[in-house]
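Here is what each chain is made of, one letter per residue.
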Amino acid sequence: GMLNSGIQVRSSEHPDIGRWVLRGYQSDLDHSNGFTGNIHEEDGRHLLVPRGQIIRAVQGPAFKSVGRIADPTDLRGVVNVGNWNRYHIIARGPLMLQLVNGQLMAVLIDDDASRRALEGVLGLQMHVGDPFKVEYRNVWYKRL
């Protein structure tokens, strides 16, 4: 299968589905470097911001592109495949900025008041399936 994981931010727990099951914003990372840098919503609106984009989410299925950060193919080069990467996620109100190794990768402005989350739990994702290893170190959290 595809080796991918993510950092869950402002997520909610769903023990009715299973222990440690989270729904919510996710900063994607994957071994093939196809999705690393995307902002996803696990078990929700799915892909919110592709790498390299600034997206404003509004009510309904349509998202508005505010602009581009950089070419998504060029941003692949920022990622240290098979090695350590530094994620920096800043979430203030409806605004979420995601940086990988010091490079801004994706920006979300979540103006869908009925679906956005302004608080929640942090989680480090591990998909079910074939065994694989994902390592995290030096996790820092600062309440803003």
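Just so it is clear, the model here is predicted, and its values are computed rather than measured. (Residues numbered from 1 in each chain as written. Predicted model: local features only at pLDDT ≥ 70, side-chain atom pairs only at ≥ 80, totals over all residues. Heavy atoms only, no water.)

1. Points about the pairing of strand β1 (residues 4-13)
Rules: Burial status follows relative accessibility: with a 1.4 Å probe on protein chains alone, a residue under 20% of its type maximum counts as buried, one over 50% as exposed, and anything between as partly exposed. Put simply, DSSP marks the helices as runs of H or I at least four residues long and the strands as runs of E at least two long, and each gets a number from the N terminus on. Paired strands, in this sense, are two strands between which DSSP finds at least two bridges.
With eight of 10 residues buried, β1 is to be regarded as a mostly interior element. Examined bridge by bridge, β1 and strand β2 (residues 22-30) share eight bridges and lie antiparallel to one another. In the strand pairing of β2, Glu-13 is matched with Leu-22. With three bridges connecting them, β1 and strand β10 (residues 121-124) associate as antiparallel partners.

2. Some remarks on the packing of aromatic side chains
Stated formally: Any Phe, Tyr or Trp ring, taking Trp's six-membered ring, that has another such ring centre within 6.5 Å forms a pair; planes under 30 degrees apart are called stacked, those over 60 apart edge-to-face, and the others tilted. Should the NZ of a Lys or the CZ of an Arg lie within 6 Å of a ring centre and within 35 degrees of the ring normal, that charge is described as sitting over the ring.
Following the criterion strictly, the structure yields zero aromatic pairs and no others. Just above the ring of Trp-84 sits the side chain of Arg-137; from NZ or CZ to the centre is 3.9 Å.

3. Topic: the environment of Ser-5
Formally: Contacts are residue-level and defined by heavy atoms, with any inter-residue pair within 4.5 Å sufficient.
By the secondary structure assignment, Ser-5 is in strand β1. Distance in space between the C-alpha atoms of Ser-5 and Met-126 is 5.7 Å, their sequence separation being 121 residues. When sequence neighbours within four positions are dropped, the list of residues in contact with Ser-5 reads Gln-26, Ser-27, Asp-28, Leu-29, Gln-125, Met-126, Val-134 and Tyr-136.

4. Digging into the nonpolar core
What tends to happen in soluble globular proteins is that the nonpolar side chains get buried as a cluster. What counts here: We call a set of buried Ala, Val, Leu, Ile, Met, Phe, Trp, Tyr and Cys residues a nonpolar core when their side-chain atoms join them within 4.5 Å.
With 18 residues, the main nonpolar core has Tyr-25, Ile-39, Leu-48, Val-49, Met-96 and Leu-108 as its most contacted residues. For this core, the elements supplying multiple residues, two or more each, are β1, β2, β4 (46-49), β5 (53-57), β7 (87-92), β8 (95-100) and β9 (103-110). The element that contributes the greatest number of residues to this core is β9, accounting for three residues. Aside from chain neighbours lying at most four places away, what touches Val-49 is Asn-38, Ile-39, Ile-55, Ala-106, Val-107 and Leu-108.

5. A word on the sheet that holds β1
Counted only if it meets this: Each axis is a line fitted through C-alpha atoms, and for a helix only the stretch in contact is used; angles between axes span 0 to 180 degrees, taken between their N-to-C directions.
With respect to topology, five strands assemble into an open sheet ordered β4-β3-β2-β1-β10, the strand pairing being antiparallel. Each edge of the sheet is formed by a strand with only one pairing partner; in this case those strands are β4 and β10. Shown here is a sheet whose adjacent strand axes are inclined to one another by a mean of 30 degrees, direction ignored.

6. With respect to unusual backbone geometry
The phi angle at Trp-20 is positive, at roughly 70 degrees, despite the residue not being glycine. With respect to the helices, strands and loops of the structure, Trp-20 is situated in the loop between β1 and β2. Since its relative accessible area comes to 65%, Trp-20 is described here as exposed. The backbone phi angle of Asn-138 is positive, close to 50 degrees, even though this residue is not glycine. Inspection of the secondary structure puts Asn-138 in the segment after β10. For Asn-138, a relative accessible area of 62% gives the class exposed.

7. A short note on the confidence of the model for the protein
Note the cut-off: Each residue carries a pLDDT score, the predictor's own confidence in it, on a scale running from 0 to 100.
Chain-level pLDDT for the protein is 90 on average; 96% of the residues reach the 70-or-more range. When pLDDT is averaged over each helix and strand of the protein, the minimum, 90, is found for β1 and the maximum, 98, for β9.

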